[in-house]
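Now for the letters of each chain:
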Amino acid sequence: KIGLFCTTPSVELARVMPTKHAMEMLLTGDNMTAEQAVKCGLINKAVSPEKLREETMALALKIAQAPSETVKVGKAAFYKHLGMPSVADAYDFAKGVMVENMGSADAVEGIGAFIEKRPPKWTS
């Protein structure tokens, strides 16, 4: 709309939403509604401004209940395998991380707690 193609935003859009939706948005410059953004995967959830803080805190607290080391390992592995050249390479990498993570104290505790039907007591 201004004689400039948004090439830098296209890098992220192409990675977070289907290519067809990203290209339409980039070629037309059209805005989208919150509902459209949810539908095409640009955002996970749409909430009213009045509920934004409450919903954000609820999600943050839910994530914070997990062991911090597990979250750290998971996030690092997720972003690393995204950049791998093939799905097979990503699976090989992910298997190794999973096996290594299985030996952590928090994994042992989490699996034990699940089997024993009790809340886990995390170490990290």
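A quick note: this is a predicted structure, and the numbers were derived from the prediction, not measured.

A. Summary view of the overall build of the protein. The helix and strand tally for the protein stands at 7 helices and 0 strands. Radius of gyration (C-alpha) of the protein: 20 Å, far over the 14 Å computed for a compact globule of 124 residues. Out of the 124 residues in the protein, the part that is buried amounts to 14%. Total accessible area computed for the protein in this model is approximately 10,000 Å², and 64% of it derives from carbon and sulfur atoms. Distance from the positive charge centre (15 side chains) to the negative charge centre (14 side chains) of the protein: 2 Å.

B. Representation of the packing of aromatic side chains in the model. Scanning all chains against the criterion turns up 1 aromatic pair. Between Phe78 and Tyr79, the ring centres sit 5.1 Å apart and the planes meet at 85 degrees, which makes this aromatic pair edge-to-face. Taking relative accessible area as the criterion, Tyr79 reaches 55% and is therefore assigned exposed.

C. Quick look at a nonpolar patch on the surface. A cluster of nonpolar side chains, contributed by Met98, Met102, Ile111, Phe114 and Ile115, occupies part of the molecular surface with about 580 Å² of accessible area. Counting residues per element, the nonpolar patch draws most heavily on helix H7 (residues 105-116), at 3 residues. Position of Ile115 relative to the elements: it lies in helix H7. Taking the relative accessible area as the measure of exposure, Ile115 reaches 62% and is therefore exposed.

About the criteria used
- Each chain carries its own residue numbering, running from 1 in the direction its sequence is written.
- For a predicted model such as this one, the threshold for reporting local features is a pLDDT of at least 70, and the threshold for listing and counting side-chain atom pairs is 80 or more; totals across whole chains, interfaces and linings nevertheless cover every residue.
- Hydrogens and water are ignored here; the side-chain numbers use all heavy atoms of the structure.
- To qualify as a helix, a DSSP run of H or I must reach at least 4 residues; to qualify as a strand, a run of E must reach at least 2; elements of each kind are numbered from the N terminus.
- Both definitions apply: the radius of gyration is a C-alpha atom measure, and the globule rule equals 2.2 Å times residues to the power 0.38.
- Three labels apply to residues, based on accessible area from a 1.4 Å probe with only protein chains included: buried if under 20% of the type maximum, exposed if over 50%, partly exposed otherwise in between.
- Note that accessible areas follow from Shrake-Rupley with a 1.4 Å probe, and for residues the cover is restricted to the protein chains shown.
- Only four residue types enter the tally: Lys and Arg on the positive side, Asp and Glu on the negative side, with His and both chain ends excluded.
- Taken as the charge centre is NZ of Lys, CZ of Arg, CG of Asp or CD of Glu, depending on the residue.
- Each pair of aromatic rings taken from Phe, Tyr and Trp, with Trp reduced to its six-membered ring, is defined by centres within 6.5 Å and is described as stacked if the planes are under 30 degrees apart, edge-to-face if over 60, and tilted in the remaining cases.
- Two joining distances apply to patches: 9 Å for like charges and 5 Å for nonpolar side chains (Val, Leu, Ile, Met, Phe, Trp, Tyr), and every residue must have over 30% relative accessible area and no salt bridge.
- When a carboxyl oxygen of Asp or Glu lies within 4 Å of a side-chain nitrogen of Lys or Arg, that pair is called a salt bridge.

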